[in-house]
Amino acid sequence: MKDAAPKTIYLADYQPFGWRVEDVHLTFRLAPDATRVLSRIRFVPTTGGEFFLHGEKLKLISASIDGGPAEVTQTDEGLTCPVPDAPFTWEAEVEIDPIANKALEGLYMSNGMYCTQCEAEGFRKITFYPDRPDVMSVFTVRIEGDEPVKLSNGNPVAKGEGFAEWHDPWPKPAYLFALVAGDLVNHPGSFTTKSGKEIELNIWVRPGDEGKCAFGMQALKESMKWDEDVYGREYDLDIFNIVAVDDFNMGAMENKGLNIFNSSCVLASPETSTDMNFERIEAIIAHEYFHNWTGNRITCRDWFQLCLKEGLTVYRDSQFTSDMRSAPVKRIDDVIALRARQFPEDQGPLSHPVRPESFQEINNFYTATVYEKGAEVIGMLKRLVGDAAYARALDLYFERHDGDAATIEDWLKVFEDTTGRDLTQFKRWYSQSGTPRVTVAEDWADGTYTLTFKQMTPPTPGQPEKLPQVLPIAVGLLSPNGDEVVPTTVLEMTEAEQSFTFDGLSAKPIPSILREFSAPVVLDRVVSREERAFLLAHDTDAFNRWEASRDLARDCLVAMVRDGAGPDTLWLDGLREVLRDESQDPAFRALMLQGPSQSEIAQVLADTGSTPDPMAIWQANETLLDTMADRWADLLPSLAAEAAVTEPYAPNAEQSGKRSLGTAVMALQRRLDSGANAQAVFDHADNMTLQLSALANLLRAGRGTEALKQFETQWQDDRLVMDKWFGLQISAAHPDEVVAVTEALTRHPAFDMTNPNRFRAVFGALAGHHAGFHRPEGYALLADWLIKLDPLNPQTTARMSTAFQTWRRYDSARQAAAKAALERIAATPGLSRDTSEMVTRILAS
Ligand code: B3K
Ligand code: ZN
């Protein structure tokens, strides 16, 4: 069996390729099941060695070197061939079968349209090539076919009956290659760069989707302007194309000059998209555009360096969102996401460093750790060196490494060179996995206040011993009457235990620690409810005000589950004051209403020696929400009135903040009026945010059957809205119904497992329903479908298997069921390398 002994690749084994690729000419003769790819590639020896070209699932028609026959030896992974000890031209013709390609890597078809996905290692499924990011070259591409629109990277150079030619003057690795051909229509736009160059912009979509492009186009222009203003980065081709594709394994891809998007991450209209969709689309358009400099002009030497482009680009897109919308709200949203996705990863069997040191399948390392923790690391670096030094370091990075395939060492060196700092210890953030835990002790004597921090990182797979990290801990001190006596100060912790003193204080202060969440750690600080309530009322740092409430909510739920306590009324009354405060941003108040996830409560229980019972957590959460609704019954109508939007729908921060407060209030009201208000909202909603959230409330109130049918009739032809319809029925179901609802939906005629959006809508909702999924039937159902999907789409299967990563938190019956499900997946004959690596890691530890 081919994948019997999967190969592990190590960072330490890096060797450069022995040839430079001077240029690449590709001709595509498109046919759905027999596309011919002709390549002409000029190789120039550097260090030489064995000449190996990657190539998978390619039918080799012919190959030559300098016009003479090439003596190739082929394997499943590529070919070797004797080559001259001098520059030479390699020519090959291969045949590929795009329509049979359901893995959605390489060249494939989506709804009759040709498209590509090459990152990380998809180009080797298109032709034989040194498919590694440190081999950069200039590509010229000719596309032959009857499709009216034929696109590739770079600038268009020629076009005629049945063909189009593109030339990309910027050397690039093969993973940034892209081709699209089909019956597409464009939403055009243009942008004038700061040096006065006019760029043609297009968003290409299937006929019928033209009306959903305006928002994406606006986001693109704003991103282009922002990167000029904030990072001094200008666009560098004559044209920038975006294409929307329905079948796509992830969000989007930053191919040079031709970004390809999952249609769910670019198409938007008020009727079909929620406020959250709009915000996400804006961020992803920005993210892919920003890659043009951080990823494309400066790329990665090897895939271990993935965080070099991803961490930095996520950091840049969050800066953009903070600037476009509300910075405190964005920070809170990012921390919620980090705790929901990265913390479980870093605290479980899949924990790996931001720069991993080995892998079997690189697609398994496009993780929250590489992306989101990678961005946190950059945020810490900026906090440590300061804004001005960060800007100087980035200027040097672009100047020194433009055109390079760079490393994390190169990245840190620009900071060392511009600031004179030694970043040796800081570099541990890239090599040491796991989430540090920080405890705090206070001391107060003679006007001097001392904070003593201890840091400890629990062992993670392959890393039993941990060293202290550099932690920027932002602290502010408040006086007992609520005034800030020491404004935010960044303490730089480098030792396992370290004290910091503050002199000249007239009373023992109340500390606000880890403001703005200045380091991605777990703060294990025992704080009284009274002190948290004080911070909730007085902290000047919006993040920590929110955090105080969140901590109270968490402690309250934990006490309810573990000790059978009732809801914490001290907290609820404090929160009521914040909710009533009209000077506070509605979006911020809505975030205050969003408690910790049930999975987070399970983790806290597990961390403190209890075995979490998902149904008990679910029940405690219900009781708490019922109590909130009862206790604030008098307040809810005025909050709803304040949150009402009277102007025509716009997806801006102001309106969406109001709607998020309004929908949070609607969810509480539903507990008082059995959904009467939600029904009224559903009947009159003119936008998807309200329609969907009203529908969720109707389903939760047990009166959603009619509305669900109406929704389906209204939206059955809109695949993106139907994804919501599929997912919502599962996420709004009672835990005991979740598995049955999911199963029934897999029998719906519109369920299509080959479409990743639809598969994720259903099984992502299952995995995300904490009390519905964590039960033997939940595990078994997910395993059944992962086994079915794996032969078609290993990447999505492997990704979805992470739903099992927390299995060891639960009781022995659940553990046994999860283990059996995982072992069943692992034992599947012919299981992909992707899924096999993930399941093996999840089962280990
Ligand atoms: N760079 C791509 C991700 C590719 C994932 C390959 N499995 C999208 C992004 O991060 O912008
Ligand atoms: Zn990215």
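Residues numbered from 1 in each chain as written. Chains lettered and ligands numbered in written order. Predicted model: local features only at pLDDT ≥ 70, side-chain atom pairs only at ≥ 80, totals over all residues. Heavy atoms only, no water.

Section: the overall build of the protein
When you go through the protein residue by residue, the secondary structure sums to 27 helices and 31 strands. Its C-alpha atoms give the protein a radius of gyration of 27 Å, near enough to 28 Å, the size a compact globule of 845 residues would have. Summarising its shape, the C-alpha atoms of the protein cover approximately 85 × 65 × 60 Å along the three principal directions. A burial count over the protein gives 60% of its 845 residues as buried. Put simply, 70% of the contacts in the protein that link residues at least 6 apart link residues at least 24 apart. One finds the centroid of the 83 positive side-chain charges in the protein at a distance of 2 Å from the centroid of its 124 negative side-chain charges. (Helix = DSSP H or I, 4+ residues; strand = E, 2+ residues; numbered from the N terminus. Rg over C-alpha atoms; globule rule 2.2 N^0.38 Å. Buried < 20%, exposed > 50% of the residue type's maximum accessible area, 1.4 Å probe, protein only. Contact = heavy atoms within 4.5 Å. Lys, Arg positive; Asp, Glu negative; His and termini not counted. Charge placed at Lys NZ, Arg CZ, Asp CG, Glu CD.)

Quick word on the site of ligand 1
Near ligand 1, the surroundings consist of 14 residues, among which Glu 119, Glu 254, Glu 288, Asn 363 and Tyr 371 are the closest. The side chain of His 287 places a nitrogen or oxygen atom 3.1 Å from an oxygen atom of ligand 1. With respect to ligand 1, the side chain of Asn 363 contributes an N or O atom lying 2.9 Å from a nitrogen atom. In isolation ligand 1 has 340 Å² of accessible area, and contact with the protein removes 95% of it. Taken together, the elements giving at least two residues each to the shell around ligand 1 come down to strand 20 (252-253), helix 2 (275-290) and helix 3 (306-324). For the shell around ligand 1, a count of residues per class yields five nonpolar, four polar and five charged. (Near = heavy atom within 4 Å. Polar contact = N/O pair within 3.5 Å; in protein donor to acceptor, adjacent residues only side chain to side chain. Areas by Shrake-Rupley, 256 points an atom, 1.4 Å probe, with all protein chains shown as cover. Nonpolar A, V, L, I, M, F, W, Y, C, P; charged D, E, K, R; others polar.)

Considerations on empty space enclosed by the protein
Per the counting criterion, the structure on display carries two cavities of 30 Å³ or more. By volume, the largest cavity is sized at about 60 Å³. Taken together, Trp 546, Ser 549, Arg 550, Ala 553, Trp 571, Leu 591, Met 592, Gln 594, Gly 595 and Met 628 make up the full set of residues lining the largest cavity. Secondary-structure elements contributing two or more residues to the lining of the largest cavity are helix 10 (542-563) and helix 12 (586-593). Looking at the second largest cavity, its volume works out to about 30 Å³. (1 Å grid on protein atoms, 1.4 Å probe; cavity = no way out; pocket = protein on both sides within 12 Å on 5 of 7 lines; lining within 4 Å. Points joined across faces, edges and corners; volume = space filled by probe spheres on them.)

Topic: the side chain of Asp 168
As for its placement among the helices and strands, Asp 168 is situated in strand 15 (residues 163-172). Exposure remark for Asp 168: the relative accessible area of 0% places this residue in the buried category. One polar contact links the side chain of Asp 168 to the main-chain amide nitrogen of Trp 170, over a distance of 3.0 Å. The contacts of Asp 168, once residues within four sequence positions are left out, are Val 138, Phe 139, Asn 153, Gly 154, Leu 237 and Lys 256.

Some points on the coordination of the zinc ion (ligand 2)
Tetrahedral metal sites with four donors have an ideal angle of 109.5 degrees; octahedral sites with six donors have ideal angles of 90 or 180 degrees. Protein coordination of the zinc ion (ligand 2) is provided by His 287 (NE2), His 291 (NE2) and Glu 310 (OE), with donor distances spanning 1.9 to 2.1 Å. Counting residues between consecutive donors of the zinc ion (ligand 2) along the chain gives the motif H-x3-H-x18-E. Each member of the pair His 287 and His 291 is classed as buried. (Donors = N, O, S within 2.8 Å, 3.2 Å for Na, K, Ca; no water.)

Focus on the sheet that holds strand 7 (residues 73-74)
Here three strands make up an open sheet; going across it, the order is 4-8-7 and the pairing antiparallel. On the outer flanks of this sheet lie strand 4 (52-54) and strand 7, each paired with one strand and no other. Alignment of strand 7 against strand 8 (residues 78-80), held across two bridges, turns out to be antiparallel. Across the sheet, the residue bridging to Thr 73 is Thr 80, located in strand 8. (Pairing = 2+ DSSP bridges.)

Quick word on the pattern of salt bridges
Within this structure, the stated rule accounts for 69 salt bridges. Note that Lys 7 is salt-bridged to Glu 77, the shortest N-O span being 3.4 Å. With Lys 7 in the segment before strand 1 (9-10) and Glu 77 in the loop between strand 7 and strand 8, this residue pair connects regions lying 70 residues apart in the sequence. Classification of Glu 77 as partly exposed rests on a relative accessible area of 38%. Taking the shortest distance from any N to any O, the salt bridge between Glu 165 and Arg 142 comes out at 2.8 Å. (Salt bridge = Lys/Arg side-chain N within 4 Å of Asp/Glu carboxyl O.)

Quick look at helix 9 (residues 529-538)
Taken as a whole, helix 9 has its buried residues at Glu 531, Arg 532, Ala 533, Phe 534, Leu 535 and Leu 536. Considering only its buried residues, helix 9 is in contact with strand 27 (471-478), strand 30 (510-513), helix 10, helix 11 (569-580) and helix 12.

Quick look at the environment of Pro 791
As for its position among the elements, Pro 791 is in the loop between helix 24 (776-789) and helix 25 (794-800). Each C-alpha atom of the pair Pro 791 and Ala 103 lies 8.4 Å from the other, and the pair is 688 residues apart in sequence.

Points about the packing of aromatic side chains
Inspection of every chain in the model, using the stated rule, returns 47 aromatic pairs. Measuring from ring centre to ring centre gives 5.3 Å for Phe 123 and Phe 177, while their planes differ by 70 degrees; the resulting arrangement is edge-to-face. Taken together, the residues span a long stretch of sequence, with Phe 123 in the loop between strand 11 (113-117) and strand 12 (137-144) and Phe 177 in the loop between strand 15 and strand 16 (179-182) at a distance of 54 residues. Across this residue pair, the class does not change: Phe 123 and Phe 177 are buried. Seen in terms of ring centroids, Tyr 397 and Trp 411 are 5.2 Å apart; in terms of plane orientation they differ by 85 degrees. Their pairing is edge-to-face. Placement of the pair is Tyr 397 in helix 6 (residues 387-401) and Trp 411 in helix 7 (residues 408-419), with a sequence separation of 14 residues. Judged by relative accessible area, which is 1%, Tyr 397 ranks as buried. Owing to a relative accessible area of 1%, Trp 411 belongs among the buried residues under this scheme. (Phe/Tyr/Trp six-rings, centres within 6.5 Å; stacked < 30°, edge-to-face > 60°.)

Considering the nonpolar core
In terms of nonpolar packing, the biggest core is built from 266 residues, with Trp 90, Trp 411, Phe 426, Phe 453 and Phe 804 touching the most fellow members. Taken domain by domain, the makeup of this core includes at least three residues from each of domain 1 (9-183) and domain 2 (620-843). If we skip the residues at most four places from it in the chain, Phe 426 touches Val 377, Met 380, Leu 381, Leu 384, Leu 412 and Val 470. (Core = buried A, V, L, I, M, F, W, Y, C linked by side-chain atoms within 4.5 Å. Domains from an automatic or database assignment.)

Overview of the pairing of strand 5 (residues 59-65)
For a regular strand, the rule is simple: side chains alternate between the two faces of the sheet. Direction of pairing for strand 5 relative to strand 9 (residues 88-96): antiparallel, over a ladder of six bridges. Opposite Ser 64, over in strand 9, you have Glu 91 as the bridge partner. A loop of two residues connects strand 5 with strand 6 (residues 68-69), the two strands running antiparallel in sequence, and Asp 66 in this loop sits at a positive phi of about 50 degrees.

Concerning the environment of Glu 484
Within the secondary structure, Glu 484 is located in strand 28 (residues 484-493). Separated by 55 residues in sequence, Glu 484 and Asp 539 place their C-alpha atoms 8.0 Å apart. At a separation of 2.8 Å, a polar atom in the side chain of Glu 484 contacts the side chain of Arg 515. Here Thr 540 takes part through its side chain, which lies 2.5 Å from a polar atom of the side chain of Glu 484.

A few points about the packing of helix 12 against helix 16 (residues 653-673)
The interhelical angle for the contact between helix 12 and helix 16, taken along N-to-C directions, is 35 degrees, at an axis separation of 7 Å. Judged by the twist between their axes, the crossing of helix 12 over helix 16 is left-handed. Together, Pro 586, Ala 587, Arg 589, Ala 590 and Leu 593 of helix 12 and Gly 657, Lys 658, Ser 660, Leu 661, Ala 664 and Leu 668 of helix 16 make up the contact between the two elements. Its residues assigned to classes, the contact of helix 12 with helix 16 shows seven nonpolar, two polar and two charged. (Axes fitted to C-alpha atoms, helices over the stretch in contact; angles between N-to-C directions. Left-handed = near helix turned anticlockwise from the far one by under 90°.)

Some points on unusual backbone geometry
In the segment running from Glu 119 into Ala 120, the intervening peptide bond is cis, with an omega of 0 degrees. Along the chain, Ala 120 turns up in the loop between strand 11 and strand 12. Phi is positive for Asp 66, which is not a glycine, with a value near 50 degrees. On the secondary structure map, Asp 66 appears in the loop between strand 5 and strand 6.

A look at the domain arrangement of the protein
Considered domain by domain, the protein is made up of domain 1 (9-183) and domain 2 (620-843). Each side of the interface is counted separately: domain 1 has four residues, and domain 2 has five residues. Carbon and sulfur atoms make up 47% of the area that domain 1 and domain 2 hide from each other, which totals about 480 Å². Contact with domain 2 buries area across many residues of domain 1, yet Lys 102, Ala 103 and Leu 104 alone supply 68% of it, more than any other trio. Counting every contact that joins domain 1 to domain 2 gives zero salt bridges. Our enumeration of links across domain 1 and domain 2 arrives at two residue pairs in polar contact (both at pLDDT 80 or more). When grouped by side-chain class, the residues that make up the side of domain 1 that touches domain 2 number two nonpolar, no polar and two charged. (Buried area = accessible area lost by both parts, 1.4 Å probe.)

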